[in-house]
Every structure is written in C-alpha cells, then in structure tokens.
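Here's the letter readout for the chains.
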Amino acid sequence: MNLSSSSPFSAHNDVLNASPSTTDEKRSLIEELKRRGRISVTSKRYPDARDLYTKAIDTLTSINKEGDKDNADSKKNDNDLAILFSNRSLCNLQMNKTSDSYDDAMSATCHDDSYVKGFWRLGQAAMALKRTEEALIAYEKALALDESSKALKKECEKAKKQLEAEKKEKEEAEKKAEEAKANGEKNESETKPPVSKPKKTTSTVSSSSSSKKEEKKEISSEGDFSKSDHVRGYKVVNGKKTSFFHHEQTDEEKRLIGDITPKRIDQQQLLPEQTGPTKIEENKGTSAWNKAGTWEEKDVTDWAIKSMEDTISQCEYDLPEGSPDPNAHVQVTKVTKLLSAKVAGGTCHASVATVRGKKRYIFEFTICVHWEMTLGDGRKCKGHLTFLDVDGTHELGEGFDVSDYTVDSDTPSEARYLLQRFVRDGGFRNEVEKSIDGWITLFRETY
C-alpha cells in the first residue's frame, strides 16, 4: 500500500525521487529517510514523515525481493520493516487516517510478531476505529511480550473498562427494545401519517400560465426590461439591463485606479542574473542528500554518549524500610550499548536541528544498564536490564520499555523476588528512568 502523496515543493524531493541502483546505495538512502522521518515526527510534521517512511518501506521491500528469504539479512530486513510500518502507523493515526494506521500496524506485527510497539500501535488504531475487543487483544499480546510495561497495563485497563461499558450499553438498548415491543410501540416511521399532496386544478394551472404570458408581454420602451424586473433587482444602465448593484466607474475613479488591463510578461524578466558559476555549492554541515538546505543539523552524539553514561552511572537505590531486606543497596556498575552501537552503525544518535528557525532535539538510544545489589548479609547479586526506544518522542515521566532483564546464575534463589520487585519492576528501575529524564532536560538546556 503506497500512501505517498509528496508535494512537488516538498523539501524532501531529493530523497523521495531518488532511484538507487545497488544494495549499498539503497541502504544508505533508507538510513537518510529514517533520519529525516525522526526529525519530521519530532517536529509533528506527520505528512512529511509518512512520505519518508513510505519511501523507506518501498526501498527495503525491493531489497527483500532481490535477496534470499531464508538468510539472516532477510530476517533483519523484516524486523526493520516492522519498525517502519509501526512508525508510519503512528503518522497516519496522528493524521486521523485510522484505517491506514490499522493496516500499517497489522503489517508491522506480521513482519515481526515479537515487536512490542507493533501490537501497541495496533491497539491504538483499533481503539480509534471503535474495535475495542481487537484493541484489548493487541494490548494483551504486547503486555505478554513486555510484562513490566506500566503504560501497557494502563492501556489494557482502559480497554477493559471501555469494553464493559459498551456491553452494558448494548444490553440496556436491547432491554429497551424488548420493553417497547411488549408495549406495542412502533417506530416513528410507522406512526407518522402520510403527507397528502394538494391536487392542482386545471383552472389554477391555466391562470398561472396566462399570467406569465401577460408578464412577458409587458415590455417597457427601454429594450427587454419588463415592468416586474425592478422588483427582482434589475435596472437599466446605458440602455442595457443589468444587476441593481452594478456600478459604472466615473472618469475620476478610472484616473485614480489607473490602467489595470492584463499585460503579457516578458520571459527575459523572469530569468535571474548569472554573475558567477552555475554550480550550486553544497551547504556545509548538512547531509549529502540535503541539497536545498531546508534545515541545519548539528551532530552531538559523542557528547550525548558521555553525558548519558555519567548521568546513569550515579544511580543507586536503597530498599525501603518494611521490605524483606531493608539493608540491601543497588547501584549501577556499567552502562553499555551506547558507544558500541555507534561504532556498529546501530541505534545511537543525538543531534540538534534548526527547522524554519525552531530548534528540534533528536535522539535515539538503546541503553543497557549493569547493576549490582549488595544484600544485608554482604552477598552480591549482579545482572543487567536494557531500556528500549529512548528517543525524542518520549514524554517526561511516562517511563520506558525494558527488556533483556538478566540475573547472573550464581544469584541466591531467595533474592530473586527482591530483584524482580525492586530492580526490574520498580525502585532501582524508577531511579534510572528519572536519570534519563534528567538527561533529556540537560540536553535541551545545553543546546
């Protein structure tokens, strides 16, 4: 399904109209489309973002068709397609194109049935289409993939309440219909008396036709102006019948207005003067695709990696009084996946873009936090948890999705409950999320 409807004046025509031939060129184009798509979503320019993601989907689909469906690259392409369809689903939903949003979300889940956001978008689109039961199923599948997501739990509860309200409303409507049937009530259309149309007599028709003929005969001496035309809003100017509001300009008015007759434009006047070389130099500091220089963007990924690591490394948490081990303490030992993702060309990017004079903060990270809990008796438990989709679409305070929660094999069995409660689901996790929110605020204040 191709939803692209790019304007001929779009700032992204250089990439939307690009036709790469080799696989490497196509992948380079896809990365540029994804980068611009993130900026457009952050700027809430959803039509532009939808066109960019559509081009990326078409390009990546063409790569899939050329390769072997059973190899590792094809499976990675499917995962990337799931993300692209999910992002386009978000754009369509923001543009009130709920059916298209539903189709894109369904495509995302088909390409990767383990992608949490695909089912999340499917639930949002189904709710917008009043398909509450489908939405609940989608949210429950997403929650099964990420049981610790607070946001998904809220969406599930909301869908359940909505479904119960709809069932109750349906039952009440059926009950009222049965009562009405028992009381012998009829629909309004059945009780409404038929409207009788008055019969036109021959004398009326003949009299009206004769009056019209007489009116046509009543012509004044000033051309075709009848006696009744003054009632209809006509008048005669210079021997011509015209509207009552017609105004003839006086000589003084014509002199003040001047000559307004349309004139042919000389094409030579439209050509700009060429005082230098015709080749347009590329704007420095912009991407290779950005020929028009629509925006300027500054890459601050290195600063973001260092400041993010410094901020999260300071996180620690003491278990509260009343917990099974109030003397236990959790702290961060290491933060990974930031620098390695940048070197590998993965999900690690931060930049500041100036779009039409306004600043946009773009970032996207996957952060792995290594932690260590010291129990009250001195024993230690170690592990890590990964925070997904730390990006510019995040609202402060709403939390992050967590996956890859791992505990070392030598962890005491009696401590696993503490770890799940105070590391994976709350406590320490909340402290890390607050530090990430603090970094986002720092990012905006610094640049």
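Residues numbered from 1 in each chain as written. Predicted model: local features only at pLDDT ≥ 70, side-chain atom pairs only at ≥ 80, totals over all residues. Heavy atoms only, no water.

Some points on the overall build of the chain
1) Next: Counting its secondary structure elements, the chain contains 17 helices and nine strands.
2) Next: Counting across all 447 residues of the chain, residues that qualify as buried make up 36%.
3) Next: When contacts within the chain are restricted to residue pairs at least 6 apart in sequence, those whose partners lie at least 24 apart make up 59%.
4) Next: Accessible surface, the chain: about 28300 Å² in total, of which carbon and sulfur atoms supply 49%. (Helix = DSSP H or I, 4+ residues; strand = E, 2+ residues; numbered from the N terminus. Buried < 20%, exposed > 50% of the residue type's maximum accessible area, 1.4 Å probe, protein only. Contact = heavy atoms within 4.5 Å. Areas by Shrake-Rupley, 256 points an atom, 1.4 Å probe, with all protein chains shown as cover.)

Some points on the packing of aromatic side chains
1) Next: Tallied over the entire structure, the rule returns ten aromatic pairs.
2) Next: An angle of 75° between the planes, with centres 5.3 Å apart, marks the rings of Tyr361 and Phe443 as edge-to-face. Of this pair, Tyr361 sits in strand E7 (residues 358–374) while Phe443 sits in helix H17 (residues 428–446), and the two are 82 residues apart along the sequence. Just as Tyr361 is buried, Phe443 falls in that class too.
3) Next: Judged by centre distance (6.0 Å) and plane angle (75°), the rings of Phe443 and Tyr447 are edge-to-face. (Phe/Tyr/Trp six-rings, centres within 6.5 Å; stacked < 30°, edge-to-face > 60°.)

Considerations on the layout of surface pockets
1) Next: Size it by volume and the second largest pocket reaches roughly 1200 Å³.
2) Next: Along its surface, the second largest pocket is lined by 38 residues, and Asp391, Thr393, His394, Glu395 and Glu398 are the ones closest to its centre.
3) Next: When contributions to the lining of the second largest pocket are tallied by element, the ones reaching two or more residues are helix H2 (23–42), helix H4 (72–94), helix H6 (116–128), helix H8 (150–182), E7, strand E8 (380–391) and H17.
4) Next: Sort the elements by how many residues they give to the lining of the second largest pocket and H17 lands first, with six residues.
5) Next: When its residues are assigned to classes, the lining of the second largest pocket shows ten nonpolar, ten polar and 18 charged. (1 Å grid on protein atoms, 1.4 Å probe; cavity = no way out; pocket = protein on both sides within 12 Å on 5 of 7 lines; lining within 4 Å. Points joined across faces, edges and corners; volume = space filled by probe spheres on them. Nonpolar A, V, L, I, M, F, W, Y, C, P; charged D, E, K, R; others polar.)

Things to note about the nonpolar core
1) Next: Counting 42 residues, the largest nonpolar core has Ile312, Phe365, Ile367, Trp371, Met373, Phe387 and Phe428 as its most contacted members.
2) Next: Of all elements in the fold, only helix H14 (301–313), strand E5 (329–336), strand E6 (348–355), E7, E8, strand E9 (401–407), helix H16 (416–424) and H17 reach the threshold of two or more residues within this core.
3) Next: Tallying contributions element by element places E7 first for this core, with seven residues.
4) Next: Beyond its immediate chain neighbours, meaning those up to four positions away, Ile367 contacts Met308, Ile312, Val335, Thr336, Leu338, Leu385, Thr386, Phe387, Val390 and Ile436.
5) Next: Ranked by size, the runner-up nonpolar core spans 21 residues in total, among them Ala18, Leu29, Ile63 and Phe85. (Core = buried A, V, L, I, M, F, W, Y, C linked by side-chain atoms within 4.5 Å.)

Quick word on the pattern of salt bridges
Side chains bearing opposite charge may pair, as long as their charged atoms lie close to each other.
1) Next: Inspection of every chain in the model, using the stated rule, returns 17 salt bridges.
2) Next: Note that Asp104 and Arg88 form a salt bridge whose closest N and O atoms lie 2.8 Å from each other. One end of the pair, Asp104, is in helix H5 (residues 98–111); the other, Arg88, is in helix H4, with 16 residues separating them in the sequence. Of the two residues, Asp104 and Arg88, neither departs from the other in class, the shared state being buried.
3) Next: A salt bridge links Arg429 to Glu433, with the shortest nitrogen-to-oxygen separation between them at 3.1 Å. Of this pair, Arg429 and Glu433 both sit in helix H17, separated by four residues, roughly a single helical turn.
4) Next: Salt bridges here are not isolated pairs; linked through shared partners, they connect Asp14, Glu32, Arg35 and Arg36. (Salt bridge = Lys/Arg side-chain N within 4 Å of Asp/Glu carboxyl O.)

Let's talk about H2
1) Next: The end-to-end C-alpha separation of H2 is 29 Å, in line with the 28 Å expected for 20 residues at 1.5 Å each.
2) Next: Along H2, the positions that sit buried rather than exposed are Lys26, Leu29, Ile30, Glu32, Leu33, Arg35, Arg36, Gly37, Ile39, Ser40 and Val41.
3) Next: Count one or two residues on from H2 and you reach Lys44, which has phi positive near 60°. (Expected span 1.5 Å × (residues − 1).)

Some words on the packing of H2 against helix H3 (residues 46–66)
1) Next: Where H2 meets H3, the axes come as close as 8 Å, and the angle between the chain directions of the two elements is 155°. In this view, H2 runs roughly antiparallel relative to H3, as classed from their interaxial angle. Of the two possible hands of crossing, H2 and H3 adopt the one that is left-handed. Here H2 contributes Thr23, Lys26, Arg27, Leu29, Ile30, Leu33, Lys34, Arg36, Gly37, Arg38, Ser40 and Val41 to the contact with H3, which in turn contributes Tyr46, Asp48, Ala49, Leu52, Tyr53, Lys55, Ala56, Thr59, Leu60, Ser62, Ile63 and Glu66.
2) Next: Looking at the contact of H2 with H3, its residues break down into eleven nonpolar, five polar and eight charged. (Axes fitted to C-alpha atoms, helices over the stretch in contact; angles between N-to-C directions. Parallel < 35°, antiparallel > 145°, perpendicular 65-115°, else oblique. Left-handed = near helix turned anticlockwise from the far one by under 90°.)

Re the confidence of the model for the chain
1) Next: Per-residue confidence for the chain averages 80 on the pLDDT scale, and 77% of its residues sit at or above 70.
2) Next: Within the model, the stretch residues 200–223 combines pLDDT values under 50 with eleven contacts to residues more than four positions away or in other chains.
3) Next: Confidence over residues 274–286 falls short of pLDDT 50; this stretch has ten contacts with residues more than four positions distant or in other chains. (pLDDT = per-residue confidence, 0-100.)

Considerations on the packing of H6 against helix H7 (residues 132–145)
1) Next: Relative to each other, H6 and H7 sit at 160°, their axes nearing to 8 Å. Accordingly, the angle class assigned to the pair H6 and H7 is roughly antiparallel. By crossing handedness, the relation of H6 to H7 is classed as left-handed. Within the contact between the two elements, H6 uses Val116, Phe119, Trp120, Leu122, Gly123, Gln124, Ala126 and Met127 and H7 uses Thr132, Glu134, Ala135, Ala138, Tyr139, Lys141, Ala142 and Leu145.
2) Next: Taken together, the residues of the contact of H6 with H7 sort by class into eleven nonpolar, three polar and two charged.

Examining a negative patch on the surface
1) Next: Where like charges cluster on the molecular surface, the negative patch consists of Glu169, Glu171, Glu172, Glu174, Glu178 and Glu179.
2) Next: Given the relative accessible area of 43%, Glu174 is considered partly exposed. (Patch = residues over 30% accessible without salt bridge, like charges linked within 9 Å, V, L, I, M, F, W, Y side chains within 5 Å. Lys, Arg positive; Asp, Glu negative; His and termini not counted. Charge placed at Lys NZ, Arg CZ, Asp CG, Glu CD.)

A short note on the pairing of E7
1) Next: Burial analysis of E7 places 13 of its 17 residues in the buried class, which makes it a mostly covered element.
2) Next: Note that E5 and E7 share seven bridges and pair antiparallel. Within E7, the position partnered with Val332 by the bridge is Trp371.
3) Next: One ladder, built from eight bridges, connects E6 with E7; its direction is antiparallel. Bridge assignment links Ala350 to a residue of E7, and that residue is Phe363.
4) Next: Bridging between E7 and E8 involves ten bridges; their strand directions are antiparallel. When the bridges of E8 are listed, Trp371 appears paired with Gly383. (Pairing = 2+ DSSP bridges.)

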